[in-house]
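Take a look at the letters that make up each chain.
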Amino acid sequence: MRMPSAEELKQATKSTCKRPMPSQNPEERVHHFTEVALGYTEEDALLEAARCLGCKTEECRQGCPVDIAIPDFIKKIKTGNYVGAALKIKETSSLPAICGRVCPQESQCEKYCVRGKKGEPVGIGRLERFVADYERAQGTVKVPEIAPANGIKVAIIGSGPAGLTCAGELAKMGYSVTIFEALHVAGGVLMYGIPEFRLPKDIVQADIGYVRQLGVDIQTNVVIGRTMKVDELMEQGYQAIFIGTGAGLPNFMGIPGENLNGVYSANEFLTRVNLMKGYRFPEYLTPIRIGKRVAILGAGNVAMDSARCAKRLGAEEVYIVYRRSEKEMPARAEEVEHAHEEGILFHLLTQPVEIKGDQENWVKELVCVKCELGEPDASGRRSPINIAGSEYSLPVETVVVAIGQSPNPLIQTTTQGLKTGRHGTIDANSDGQTSRIGIFAGGDIVTGAATVILAMGAGRKAAAAMDKYLKS
Amino acid sequence: MYQILKKQELIPDLMILFEVQAPLVAASCQAGQFVMLRKDEIGERIPLTIADFDRGHGTITVIFQVVGKSTQLMAKLNEGDYFLDFAGPLGQPSHIEKFGRVIMVGGGVGVAPIHPIAREMKLAGNEVISILGARSHDLLILENEMEKVSSEIIVTTDDGSYGRQGFVTEVLKELMTERGGIDLVVAIGPMVMMQAVCDVTKEVGIPTVVSLNPIMVDGTGMCGACRVEVGTDTKFACVDGPEFDGHKVNWTLARQRALMFTEEEKRAMFEHHNEGSGCRCGCHQQKN
Ligand SMILES: Cc1cc2nc3c(=O)[nH]c(=O)nc-3n(C[C@H](O)[C@H](O)[C@H](O)COP(=O)(O)OP(=O)(O)OC[C@H]3O[C@@H](n4cnc5c(N)ncnc54)[C@H](O)[C@@H]3O)c2cc1C
Ligand code: FES
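Quick word on the overall build of chain B
Step number 1: Along its length, chain B carries 10 helices and 16 strands.
Step number 2: The C-alpha radius of gyration computed for chain B amounts to 18 Å, which stays within 12% of the reference 19 Å derived for 288 residues, consistent with globular compactness.
Step number 3: If one aligns the C-alpha atoms of chain B with their principal axes, the spans along those axes are about 55 × 45 × 40 Å.
Step number 4: Sequence-distant contacts, at least 24 apart, represent 63% of the contacts inside chain B between residues at least 6 apart.

Now the structure itself:
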């Protein structure tokens, strides 16, 4: 392993640029599903850590939803104490290997980094990933001390980042924790949504293995609301319940032609590809069909993931169709960059209005109109206005609708007295307390589709509140 | 892991019955619901309507027809073997109440899901007349079981090898004219059959319930693969159904959507043959 010289480290402190992430080259990587970003080497990490000024004001922390002691962990990297750095992060975050890969750092910690005022901010996410991967590779991930079993049963519904984190925290406090998961594997979106080339599944599995090591029992294939109801769990002696069922309900646009053959929701498309390993069909038996030309409607992470999966499945041309401009795209900056590198074509300021099919009901073309941006709306984003007479059609064989997900209503409709919000979310306060005593909720089911780190943070907070509730 | 306690080849290599140990599903399931199962790590998630259940023993009975690679592989499982995954009960239960005179129409493997519904309908005090249809006698299943839960049963075969020759719709029309007073029709079977039944009952306005089995992935409402058009709405069959008002179903769309992966399925079958697995499913006959 090459180590930076003192001179190189000194130079690095002055660099206005983030050390680039070693990555597979785009021509090569579009043919398979292995991870695109390869991760910093030790040398990269030391040189990038050298750029951190260790500001007393710790501006970066205010951008972190879970308040990771960022300057402290980077300081440990500088001294070569990588495991110590990982442990520092783990004081407030449960899933650093995952968050280092999928957090929108540019709108969180790195947005506030002082170095970002003149040049690029410190690559905090890349450093987080480095120490988490280092710790895992060393096999030094230790099971922390677990409080003596207190015999109190708690149930967690859903095994996404919110549920897994809440379960892990409660297990450490000595509770007897059972997770109920509807699908056949644990992990939620981390397993069924985010593709292997962005978040390798063995990393997710390692984190799930860790939660199991803490003593958490994970029961898959249990659909709460159908197999058992929330109230039945209560009757079975679970003294507190955490609902982390996410936002899994796919939204459609409501335009003509959405039920044609060849139109997928992003959830269907990604579930076939990732969860069911459709990209290895027919070795794996779940099929996925992809046209030569594919239109992805939307421009969030889900859309970028769908576009890049489509490319890897062999589509010749993949379009992102989005009604606003590049600046408003909700996806992580790195995903957009990777999509560009991989040859995804962007039809921006473009509103899909109809999907047309052939006689046998197969998608043939996507009809679009061009837009311009009007005044900012309530959310502060400039809303698109269709330009009259600008209609055109884009020949495609596959359309993936990736315009967002809503909360799955199953628990809400089968549990009495659970207050819900306007968009089908479950009402909960900042501790996760819902309108029913003993029932807590957090993650996307409360916020609507958001981020992994917010879901994880909500799971931790709820665990603390549940502990307090159970002890009172 | 979910153990297979009993296997019965209702029709050898074609129509298979499994009784599976799944106590949680058995405890809460009702007629009309379905399960999602997966044979092994490489398997698809397959939806199967519940054909019977035994709460006391914690078992669920499923019956399926061998139609593609996944079902062929499943058919090779034996008593004592396991399904890796078995989730349910999913979907809405059948709406059971005392309607009066109820006609149950089951075609092919559709007789399996009709059976528990007929039983519940009878228990609720209905007069249950069952019409069972099959292409030929050797393809008829569950005749005895249906006898037990029906007030009356009429069998039709397309080739006349058993019962009456002809289609279920002819019998249905006769019942409508000769007896009248039909309060509800429940039809489950091939899509053409369900549509034909609906065409017959729609004219005279007899409420008709059908059970749709579109392509599914998760079966819990998170993918929309199972969308069907009912009236002016798009519905997810796995959570809003599987039963719908047959008069409102857009059959053309439903039939076309069922063909979404035919080419891929052919490809899977092709590779299956080239594996030299010596399958006995009879599919080699379809190859040429
Ligand atoms: C394709 C895609 C890409 C994304 N990319 C990013 C990204 O780059 N960065 C980022 O920060 N965020 C990203 N997100 C968002 C992020 O994944 C979610 O905000 C996060 O996973 C929410 O966590 P959660 O625990 O609340 O729910 P989920 O991860 O959705 O987990 C919910 C779990 O509950 C289970 N469940 C649901 N109903 C029931 C029930 N009735 N009974 C039992 N179990 C049930 C579900 O099967 C699921 O496993 C992405 C999302 C998607 C879909
Ligand atoms: S099968 Fe996925 S929503 Fe119905």
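Alright, that's what it looks like, and here's the rest.
Things to note about the overall build of chain A
Step number 1: What chain A contains, in helices and strands, is 18 helices and 16 strands.
Step number 2: Relative to its length of 472 residues, chain A is compact, with a C-alpha radius of gyration of 23 Å against a globular reference of 23 Å.
Step number 3: If you line up chain A on its principal axes, its C-alpha atoms span 65 × 65 × 50 Å.
Step number 4: A total of 472 residues make up chain A; the buried ones form 58% of that total.
Step number 5: Sequence separation of 24 or more characterises 70% of the internal contacts of chain A that already satisfy a separation of 6 or more.
Step number 6: Taken as a whole, chain A presents about 18900 Å² of accessible surface, with 51% of it coming from carbon and sulfur.
Step number 7: Charged side chains of chain A number 55 positive and 56 negative; the gap between the two group centres comes to 4 Å.

Some words on helix H14 (residues 301–312) of chain A
All names here are of chain A.
Step number 1: Spanning 12 residues, H14 covers 16 Å between terminal C-alpha atoms, matching the ideal 16 Å at 1.5 Å per step.
Step number 2: Counting buried positions along H14 yields 10 of 12 residues, so the element is predominantly enclosed.
Step number 3: Of the residues making up H14, those classed as buried are Ala 303, Met 304, Asp 305, Ser 306, Ala 307, Arg 308, Cys 309, Ala 310, Lys 311 and Arg 312.
Step number 4: One or two positions beyond H14, positive phi appears at Gly 314, with a value near 110°.

So, helix H3 (residues 111–123) of chain B
Residues three or four positions apart in an α-helix share a direction because the helix packs 3.6 residues into each turn.
Residues and elements named next belong to chain B.
Step number 1: With 13 residues, H3 should cover 18 Å at 1.5 Å per step; its first-to-last C-alpha distance of 18 Å lies within 8% of that length.
Step number 2: Buried within H3 we find Val 111, Ala 112, Pro 113, Ile 114, His 115, Pro 116, Ile 117, Ala 118 and Met 121.
Step number 3: One or two positions beyond H3, positive phi appears at Gly 125, with a value near 95°.

Section: the interface of chain B and chain A
Step number 1: Each partner contributes residues to the interface: chain B has 47 residues there, and chain A has 42 residues.
Step number 2: Both sides of the chain B and chain A interface together cover about 3800 Å² of buried area, and 57% of this is carbon and sulfur.
Step number 3: Of all residues in chain B, Met 222, Arg 227 and Met 260 of chain B bury the most surface against chain A, accounting for 19% of the area lost on that side.
Step number 4: Applying the counting rule to chain B against chain A returns 2 salt bridges.
Step number 5: When the shortest N-O distance is used, the salt bridge between Arg 289 of chain A and Glu 264 of chain B registers 3.4 Å.
Step number 6: Of all the secondary structure elements, the ones that give two or more residues to the side of chain B that touches chain A are helix H1 (23–28), helix H2 (69–75), strand E7 (85–90), strand E14 (227–230), strand E15 (233–236), helix H8 (251–257) and helix H9 (262–274) of chain B.
Step number 7: For the side of chain B that touches chain A, the element with the highest residue contribution is E7 of chain B, accounting for 6 residues.
Step number 8: Taken together, the residues that form the side of chain B that touches chain A break down as 21 nonpolar, 12 polar and 14 charged.

Side note on the site of ligand 1
Residue and element names in this part refer to chain A.
Step number 1: The full set close to ligand 1 counts 34 residues, and Val 102, Ala 162, Glu 181, Arg 198 and Ile 224 are the nearest of them.
Step number 2: Interatomic distance of 3.3 Å between a backbone N/O atom of Thr 451 and an oxygen atom of ligand 1.
Step number 3: One of the backbone N or O atoms of Val 452 is found 2.9 Å from an oxygen atom in ligand 1.
Step number 4: Relative to its free-state accessible area of 1000 Å², ligand 1 is covered by the protein chains to the extent of 96%.

So, the side chain of Ser 136 of chain B
Residues and elements named next belong to chain B.
Step number 1: If you trace the backbone, Ser 136 turns up in the loop between strand E9 (127–134) and helix H4 (143–149).
Step number 2: Residue class for Ser 136 comes out buried when judged on its relative accessible area of 13%.
Step number 3: Not counting residues within four places of it along the chain, the set of residues in contact with Ser 136 comprises Thr 157, Asp 159 and Ser 161.

Thresholds applied
- Residues numbered from 1 in each chain as written.
- Chains lettered and ligands numbered in written order.
- Predicted model: local features only at pLDDT ≥ 70, side-chain atom pairs only at ≥ 80, totals over all residues.
- Heavy atoms only, no water.
- Helix = DSSP H or I, 4+ residues; strand = E, 2+ residues; numbered from the N terminus.
- Rg over C-alpha atoms; globule rule 2.2 N^0.38 Å.
- Contact = heavy atoms within 4.5 Å.
- Buried < 20%, exposed > 50% of the residue type's maximum accessible area, 1.4 Å probe, protein only.
- Areas by Shrake-Rupley, 256 points an atom, 1.4 Å probe, with all protein chains shown as cover.
- Lys, Arg positive; Asp, Glu negative; His and termini not counted.
- Charge placed at Lys NZ, Arg CZ, Asp CG, Glu CD.
- Expected span 1.5 Å × (residues − 1).
- Buried area = accessible area lost by both parts, 1.4 Å probe.
- Salt bridge = Lys/Arg side-chain N within 4 Å of Asp/Glu carboxyl O.
- Nonpolar A, V, L, I, M, F, W, Y, C, P; charged D, E, K, R; others polar.
- Near = heavy atom within 4 Å.
- Polar contact = N/O pair within 3.5 Å; in protein donor to acceptor, adjacent residues only side chain to side chain.

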